[in-house]
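Fold and contact review
Here is what each chain is made of, one letter per residue.
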Amino acid sequence: MESQPELTKTEIVDIADLQTDFISLRIGEEIPRLEIAKIRKIINNSKQDNLSGVDYKYLIDTKNGKLLKVNSWILWKHITAAIQKAGTINTTLNLVHSGIEQYTVKVI
């Protein structure tokens, strides 16, 4: 008789596991200091949280190890304008989401 693979697996959860790596920017929220380390373009045909009309989204890695997923064209255009103004990807931004499709992005 063949042995069946184990279907249940347990892992111990530590306090560090409870903290999320993702930063959110919902309506009414602000990210006072987004220190950009790098920006990645994530291509995935099956994901529903891509930018509208394309098969990708952008993921910003911060210098403190957090991630900001950008799946709004309006936010992305504000971020790219601020980065171009700064002249470098490795910059620090202030982001505010004040209302539906209303973002303010500044280089600090």
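Everything here concerns the structure above.
Residues numbered from 1 in each chain as written. Predicted model: local features only at pLDDT ≥ 70, side-chain atom pairs only at ≥ 80, totals over all residues. Heavy atoms only, no water.

Observations regarding the overall build of the protein chain
In terms of regular secondary structure, the protein chain is built from 1 helix and 6 strands. For a compact globule of 108 residues, the expected C-alpha radius of gyration is about 13 Å, and the protein chain comes in at 18 Å, more than 25% above that figure. For the protein chain, the spread of C-alpha atoms along the principal axes amounts to about 65 × 35 × 25 Å. Within the protein chain, the fraction of its 108 residues that count as buried is 29%. When the accessible surface of the protein chain is summed, it comes to about 7,900 Å², and 49% of that surface belongs to carbon and sulfur atoms. Taken together, the 14 basic and 13 acidic charged side chains of the protein chain have centroids lying 11 Å from each other. (Helix = DSSP H or I, 4+ residues; strand = E, 2+ residues; numbered from the N terminus. Rg over C-alpha atoms; globule rule 2.2 N^0.38 Å. Buried < 20%, exposed > 50% of the residue type's maximum accessible area, 1.4 Å probe, protein only. Areas by Shrake-Rupley, 256 points an atom, 1.4 Å probe, with all protein chains shown as cover. Lys, Arg positive; Asp, Glu negative; His and termini not counted. Charge placed at Lys NZ, Arg CZ, Asp CG, Glu CD.)

Remarks on the sheet that holds strand β1 (residues 22-23)
Sheet architecture is open: 6 strands sit in the order β1-β4-β3-β2-β5-β6, paired in mixed fashion. In the strand order of this sheet, the two ends are held by β1 and β6 (102-107), each with one partner. When strand β3 (residues 56-62) meets strand β4 (residues 67-70), the two strands line up antiparallel, connected through 4 bridges. Across the sheet, the residue bridging to L59 is K69, located in β4. Packing of helix α1 (residues 73-86) onto the sheet brings it into contact with β2 (30-43), β3, β4, β5 (92-99) and β6, and relative to β6 it is tilted by some 15°. (Pairing = 2+ DSSP bridges. Contact = heavy atoms within 4.5 Å. Axes fitted to C-alpha atoms, helices over the stretch in contact; angles between N-to-C directions.)

Section: α1
In this model α1 runs 20 Å from its N-terminal to its C-terminal C-alpha over 14 residues, within 8% of the 20 Å that 1.5 Å per residue would give. Buried within α1 we find L75, W76, I79, A82 and I83. The buried side chains of α1 occupy one side of the element, clustering within an arc of 130° when seen end-on. For α1, exposure combined with an orientation more than 90 degrees from the buried face picks out K77, Q84 and K85. Contacts from the buried residues of α1 go to β2, β3, β4, β5 and β6. (Expected span 1.5 Å × (residues − 1). Arc of directions from axis to C-beta.)

A word on the pairing of β2
Alignment of β2 against β5, held across 4 bridges, turns out to be antiparallel. Each bridged residue has a counterpart across the sheet, and for E35 the counterpart in β5 is T92. When β2 meets β3, the two strands line up antiparallel, connected through 7 bridges. Within β3, the residue paired with I36 across the bridge is T62.

Overview of the nonpolar core
Residues L34, V70, L75, I79, L93 and L95 are the most contacted members of the largest nonpolar core, which totals 19 residues. At the level of elements, β2, β3, β4, α1, β5 and β6 are the ones that each hand at least two residues to this core. At 5 residues, the largest contribution of residues to this core is made by α1. With residues near it in sequence (within four places) discarded, V70 still touches L51, K57, Y58, I60, L75, W76 and I79. (Core = buried A, V, L, I, M, F, W, Y, C linked by side-chain atoms within 4.5 Å.)

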